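So you can see what is in the structure, the chains are spelled out below.
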Amino acid sequence: SAVISQKPSRDICQRGTSLTIQCQVDSQVTMMFWYRQQPGQSLTLIATANQGSEATYESGFVIDKFPISRPNLTFSTLTVSNMSPEDSSIYLCSVEISNAGGEQFFGPGTRLTVL
Amino acid sequence: AQSVTQPDIHITVSEGASLELRCNYSYGATPYLFWYVQSPGQGLQLLLKYFSGDTLVQGIKGFEAEFKRSQSSFNLRKPSVHWSDAAEYFCAVGAPNAGKSTFGDGTTLTVKP
């Protein structure tokens, strides 16, 4: 299994600013994922962040808006840049452990409100 | 491309009643199927998963799910619902080490006293 923590747990930000969300895992993992969960909706994958390579973004998400860092096997950051109220969401970090049969472990999420 | 459909957006059941949440999937190979639960203000927690073998899988908190290949379904069941089961439930399909499981839109479960 894996225990994942995220910082901050929630934030209220002004339009036009940026927020960096941190994700820390208690074990080394290869695959990390960032999801967005808009109010009342399902999870939408933003990008896959593998250590040692550029993040792979899903359709509709771009690096300029959501830059991701993955400096080592236990840590990643997601930045939400130039925020607008439409970015108000819960952002979830997730990992897949190779011996867990495809199960994903999720962090508690970061609840972002943009005014 | 893989996809997941959860036909029921919202279900309300009385405490002690039985529960079934529906999930249909589309996947080009033998799927790996998951049910996750998200309690208010919490992250997602795995309830159970199916890879192969017995098509009836047992999970945590008294939940079970049955894989039916002929119907492309993986419905979640519980014989007697508790008030603490009120949450959002997500079905997902994927494959290990392929990343990015695809999630359904979720079903919100409300439990009446």
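Residues numbered from 1 in each chain as written. Chains lettered and ligands numbered in written order. Predicted model: local features only at pLDDT ≥ 70, side-chain atom pairs only at ≥ 80, totals over all residues. Heavy atoms only, no water.

> How do you make sense of the overall build of chain B when you look at a structure like this?
From N to C terminus, chain B includes zero helices and twelve strands. Starting at the N terminus and ending at the C terminus, chain B contains elements arranged as β-β-β-β-β-β-β-β-β-β-β-β. Taken over C-alpha atoms, the radius of gyration comes to 13 Å for chain B, in line with the 13 Å a tight globule of 113 residues would show. C-alpha extents for chain B along the principal axes are approximately 40 × 30 × 20 Å. Taking all 113 residues of chain B together, 45% fall into the buried category. The long-range fraction of contacts in chain B, counting pairs at least 24 apart against all pairs at least 6 apart in sequence, stands at 55%. Accessible surface for chain B amounts to roughly 5300 Å². Of this, 48% is attributable to carbon and sulfur atoms. Charge centroids of chain B, computed over 9 positive and 9 negative side chains, lie 4 Å from each other. (Helix = DSSP H or I, 4+ residues; strand = E, 2+ residues; numbered from the N terminus. Rg over C-alpha atoms; globule rule 2.2 N^0.38 Å. Buried < 20%, exposed > 50% of the residue type's maximum accessible area, 1.4 Å probe, protein only. Contact = heavy atoms within 4.5 Å. Areas by Shrake-Rupley, 256 points an atom, 1.4 Å probe, with all protein chains shown as cover. Lys, Arg positive; Asp, Glu negative; His and termini not counted. Charge placed at Lys NZ, Arg CZ, Asp CG, Glu CD.)

> What's the story with the pattern of salt bridges in this structure? I'm lost.
Any two side chains of opposite charge can pair, on the condition that their charged atoms come close. All names here are of chain B. Scanning the model with the defined rule gives five salt bridges over all chains in all. Linking Asp8 and Arg22 is a salt bridge whose minimum nitrogen-to-oxygen distance equals 2.8 Å. Here Asp8 is found in the loop between strand 1 (3-5) and strand 2 (10-14), whereas its partner Arg22 is found in the loop between strand 3 (19-21) and strand 4 (24-26), with 14 residues between them in sequence. Between Glu64 and Arg77 there is a salt bridge whose closest N-O contact spans 3.3 Å. With a gap of 13 residues between them, Glu64 in strand 8 (residues 64-68) and Arg77 in strand 9 (residues 73-78) connect regions that are remote in the sequence. In the salt-bridge network here, residues are joined through shared partners; they are Glu64, Glu66 and Arg77. (Salt bridge = Lys/Arg side-chain N within 4 Å of Asp/Glu carboxyl O.)

> Where do I start with the sheet that holds strand 1 (residues 4-7) of chain A in this structure?
Sheet strands line up and pair through hydrogen bonds in the backbone, either parallel or antiparallel. Residue and element names in this part refer to chain A. Read from one edge to the other, the open sheet built from four strands follows the order 1-3-8-7, with strand pairing classed as antiparallel. The open sheet has two edge strands, strand 1 and strand 7 (68-72), and neither has a second partner. Taking the axes of each pair of neighbouring strands and ignoring which way they run, one obtains an average angle of 15 degrees across the sheet. With three bridges joining them, strand 7 and strand 8 (residues 75-80) adopt antiparallel strand pairing. By the bridge assignment, Ser69 is partnered in strand 8 with Thr77. (Pairing = 2+ DSSP bridges. Axes fitted to C-alpha atoms, helices over the stretch in contact; angles between N-to-C directions.)

> Any chance you could explain the layout of surface pockets here in plain terms?
Over the atoms rolls a probe the size of a water molecule, and its path tells where empty space is left. Here the largest pocket is characterised by a volume of approximately 450 Å³. As for the largest pocket, its lining consists of 26 residues, and the residues nearest its centre are A:Gln37, A:Ile90, A:Arg111, B:Gln38 and B:Gly41. Within the residue set of the lining of the largest pocket, elements represented by two or more residues are strand 9 (89-96) and strand 11 (110-114) of chain A together with strand 10 (87-94) of chain B. Here the residues of the lining of the largest pocket sort into eight nonpolar, 15 polar and three charged. Taken as a whole, the second largest pocket spans an internal volume of roughly 190 Å³. In this structure, the second largest pocket is lined by eleven residues; those nearest its centre are A:Leu43, A:Leu45, B:Ser101, B:Thr102 and B:Phe103. Of all the elements in the fold, those that place two or more residues in the lining of the second largest pocket are strand 5 (43-50) of chain A together with strand 11 (102-103) of chain B. It is strand 5 of chain A that contributes the most residues to the lining of the second largest pocket, three residues altogether. (1 Å grid on protein atoms, 1.4 Å probe; cavity = no way out; pocket = protein on both sides within 12 Å on 5 of 7 lines; lining within 4 Å. Points joined across faces, edges and corners; volume = space filled by probe spheres on them. Nonpolar A, V, L, I, M, F, W, Y, C, P; charged D, E, K, R; others polar.)

> Whenever I open this one, the side chain of A:Ser94 confuses me. Can you help?
Residues and elements named next belong to chain A. In this structure, Ser94 sits in strand 9. In this structure Ser94 comes out as buried when scored by relative accessible area, which is 0%. A distance of 2.8 Å separates polar atoms of two side chains, one belonging to Ser94 and the other to Gln104. Within the local environment of Ser94, its side chain forms a polar contact with the backbone oxygen of Phe105, the two atoms lying 3.2 Å apart. (Polar contact = N/O pair within 3.5 Å; in protein donor to acceptor, adjacent residues only side chain to side chain.)

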